[in-house]
Amino acid sequence: MRELLQLFPELHTWIQTFDLEQTRKLRQSFERIPFQEWRALKVLSQTAFKKQSLSIKRWTPPACFMLRDRQTQSTLWQQAESRGVQHLRQGKVAALTVAGGSGTRLGFPGPKGLVPITPLKRKTLFQVFAEKLRAIERLHGVRMHWFIMTSADTHEATYEAFQTNHWYDAKYVHLFRQGVLPAFTMEGICLLTNEPSVNYCPDGHGGVFKALASTGCLNKMLAYGIETLSYFQVDNPLVCIGDCNFLGLHLNRMSDFSTKVVAKTNADEKVGVFVDKGDALQLMEYSEIPEHLSVKKTEDGQLYFKLGNTAMHLIQRSFLEAMAKEKLPIHITHKSMQYWHPLLQSHCTASCQKLEYFIFDALPFAKNPLLFEIDRKEEFSPVKNAQGQDSLDTCMRDQISRWHRWFVNCGLNVDLGDKEINSTYRLEISPLFADDYISFKKMWHALVIKPSCFESLYLE
Ligand code: UTP
């Protein structure tokens, strides 16, 4: 305790308000992390405001398999697809979702996976993903295991929802909990709960490596013969989980870690961008890239660093295993958090420093990482904010526009009258009917009785 008191002098005054039992509890909660690590974390929390000096001289835009390459390299593209299909059918692919985040910006009272996301049936994100997996199982005659990372904040509610909803008919679901890291005030004071204990928070999506190892999930994957994980965040209902072209290109390249990217719409868009640092590919978070680089343009007016991260990856199990043994850097994000103030004897809410591991810090360790451009309209519309960009409204609008486009591309006259496509328009296509345009076209043409009215149409 003496060492702790030296490191956190504020504890002196706090402890005076605690009885012996409370002091014991608090000490015990500190012991969850070795003392040397506390020392490092404290230093980090106090130096976070200092700008890092980055050696940016050799940074260039990285190579990427672009949308136009699908036509110009069509043989490669088709070969990739058959390799991907084969891998999937051999049961070597599973889904991996990170769903432990606190979703502060959205402000939904519960895990984000339980947000009703579809416009007509109000299916939750978890249900949509489960249907996508069932569709893959049906199409390829294979078991799709689904690993879902939760946190202390989301685990119980997630488990309960899955149980109540009969696991959304997904048969091979594995929930596992991520680890924790402490949080600090802006002045570097450790946050507490009123137990009293350290106010531990989920350790970021980069905590997935250690969590998969410590919960035995990596061993399970090995036992099931899973070699490749289709990783995605819990907030994007447009994710294409069994993308065989992407899978085939990833395998052909013998990549450890591949990523789907979208062209950034403007310099202010809040997505990380990929840079080639000369010796490694790296993702720079939008909050961390120097401003003059994020606004830099090419001669033809395009953003110089324009490949934005969608956080949809293919990751080899062997790489997950290797990364579980590595130490990733810790990032500091600023979030509004509630904590217990022992002197005021009440809860306070303030902007605090949250410590997190980021999954993309594994990238420099990866062999042959592949970047793969996708059409944002078809695959990427995350729910991050309560309003404005990347909100529930924009996500519903994007789902409907996508389905509407499929009808139009099939030559159907889907007249909207004077209506615009927005979140109030009612149309929904379950992934069990089709989850991309090509399968939609097939399914639509096979329908014996075709609906003639599109308002409130639901296809499954
Ligand atoms: P976000 O960066 O959107 O963070 O997470 P968040 O915590 O969910 O939301 P805000 O920033 O507080 O508004 C991206 C993905 O990573 C997962 C989230 O669940 C989401 O799928 N995540 C994030 C975790 O699984 N664990 C974490 O500790 C953080």
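Up top is the structure these notes are about.
Please read these numbers as outputs of a predicted model, since none were measured by experiment.

Enquirer: Help me understand the site of the ligand, please; the structure alone is not making it clear to me.
Expert: Taken together, 18 residues surround the ligand, and among them V98, G100, T104, R105 and Q178 come closest. One of the backbone N or O atoms of V234 is found 3.0 Å from an oxygen atom in the ligand. For the ligand, an oxygen atom lies 2.9 Å from a polar atom in the side chain of K384. Here the ligand, which alone exposes 560 Å², has 93% of that area covered by the protein. Residue composition of the shell around the ligand, by class: 5 nonpolar, 9 polar and 4 charged.

Enquirer: So what exactly am I meant to see when it comes to the packing of helix 15 (residues 392-409) against helix 16 (residues 437-446) here?
Expert: Helix packing geometry: the angle between the two helix axes and the distance between the axes. Contact pair helix 15 / helix 16: the axes reach a minimum separation of 10 Å and the direction vectors enclose 55°. Taken together, the axes of helix 15 and helix 16 are oblique relative to one another. Considering how the two elements wind past one another, helix 15 and helix 16 form a crossing that is right-handed. Contact residues: helix 15 offers W406, F407 and N409, while helix 16 offers Y437, F440 and W444. When its residues are assigned to classes, the contact of helix 15 with helix 16 shows 5 nonpolar, 1 polar and no charged.

Enquirer: Help me understand the packing of aromatic side chains, please; the structure alone is not making it clear to me.
Expert: Note on aromatic pairs: each is described by the distance of the centres and the angle between the planes. The full count for this structure, using the stated rule, is 25 aromatic pairs. An angle of 75° between the planes, with centres 5.6 Å apart, marks the rings of Y159 and W167 as edge-to-face. Given the relative accessible area of 24%, W167 is considered partly exposed. Through a chain of ring-to-ring contacts, the aromatic side chains of F126, F129, W146, Y159, F162, W167, Y168 and F232 assemble into a single cluster.

Enquirer: Just to check I follow, could you spell out the environment of C410 for this structure?
Expert: With respect to the secondary-structure elements, C410 resides in the loop between helix 15 and strand 17 (427-429). Residue classification places C410 among the buried positions, given a relative accessible area of 16%. Taking the C-alpha atoms as reference, C410 lies 6.5 Å from K441; in sequence the two are 31 residues apart.

Enquirer: Before we go on, may I ask you to explain the pairing of strand 3 (residues 173-177) in this structure?
Expert: Each regular strand shows side chains that alternate between the opposite faces of the sheet. Of all the 5 residues making up strand 3, 4 are buried; the element is thus mostly covered by neighbouring parts of the structure. Sheet analysis places strand 2 (residues 146-150) next to strand 3, joined by 5 bridges and oriented parallel. By the bridge assignment for strand 3, M149 is matched with F176. Read from strand 2 through helix 8 (residues 155-164) to strand 3, the crossover connection turns out right-handed.

Enquirer: How should I be thinking about the side chain of S391 in this particular structure?
Expert: Positionally, S391 belongs in the loop between helix 14 (376-379) and helix 15. Classification of S391 as buried rests on a relative accessible area of 2%. Each residue touching S391, except ones within four places of it in the same chain, is listed here: P382, V383, N385 and A386.

Enquirer: What is the right way to read the packing of helix 6 (residues 74-89) against helix 11 (residues 244-252) from this model?
Expert: Running from amino to carboxyl end, helix 6 crosses helix 11 at an angle of 95°, the nearest separation of the two axes being 6 Å. Compared by their axis directions, helix 6 and helix 11 come out roughly perpendicular. Residues L76, W77, A80, E81, R83, G84, V85, H87 and L88 of helix 6 form the contact with helix 11, whose own contacting residues are C244, N245, L247, G248, L249, L251 and N252. Residues of the contact of helix 6 with helix 11, tallied by class, amount to 9 nonpolar, 5 polar and 2 charged.

Enquirer: Whenever I open this one, the pattern of salt bridges confuses me. Can you help?
Expert: Pairs can form between side chains of opposite charge whenever their charged atoms are close. Enumeration according to the criterion identifies 19 salt bridges in this entry. R24 serves as the salt-bridge partner of E21, at 2.7 Å between the closest nitrogen and oxygen. Of the two residues, E21 and R24 are both situated in helix 3 (residues 20-30); the distance of 3 residues between them amounts to about one turn of the helix. Residue classification places E21 among the partly exposed positions, given a relative accessible area of 42%. The residue R405 makes a salt bridge to E378 at a minimum N-O spacing of 2.8 Å. One end of the pair, R405, is in helix 15; the other, E378, is in helix 14, and 27 residues separate them in sequence. A single network of salt bridges, built from pairs that share partners, joins K132, E378, R402, R405 and D435.

Enquirer: I would appreciate a short explanation of the side chain of K384 in the present structure.
Expert: With respect to the element layout, K384 can be found in the loop between helix 14 and helix 15. At 3.2 Å, the side chain of K384 and the side chain of Q233 are in polar contact. Looking at K384, its side chain comes within polar contact range of the side chain of D235, at 2.7 Å. Other than its neighbours up to four places away in sequence, K384 contacts R105, L106, K112, Q233, D235 and D390.

Conventions and cut-offs
Residues numbered from 1 in each chain as written. Predicted model: local features only at pLDDT ≥ 70, side-chain atom pairs only at ≥ 80, totals over all residues. Heavy atoms only, no water. Near = heavy atom within 4 Å. Polar contact = N/O pair within 3.5 Å; in protein donor to acceptor, adjacent residues only side chain to side chain. Areas by Shrake-Rupley, 256 points an atom, 1.4 Å probe, with all protein chains shown as cover. Nonpolar A, V, L, I, M, F, W, Y, C, P; charged D, E, K, R; others polar. Axes fitted to C-alpha atoms, helices over the stretch in contact; angles between N-to-C directions. Helix = DSSP H or I, 4+ residues; strand = E, 2+ residues; numbered from the N terminus. Parallel < 35°, antiparallel > 145°, perpendicular 65-115°, else oblique. Left-handed = near helix turned anticlockwise from the far one by under 90°. Contact = heavy atoms within 4.5 Å. Phe/Tyr/Trp six-rings, centres within 6.5 Å; stacked < 30°, edge-to-face > 60°. Buried < 20%, exposed > 50% of the residue type's maximum accessible area, 1.4 Å probe, protein only. Pairing = 2+ DSSP bridges. Right-handed = clockwise from strand over helix to strand, strands pointing away. Salt bridge = Lys/Arg side-chain N within 4 Å of Asp/Glu carboxyl O.

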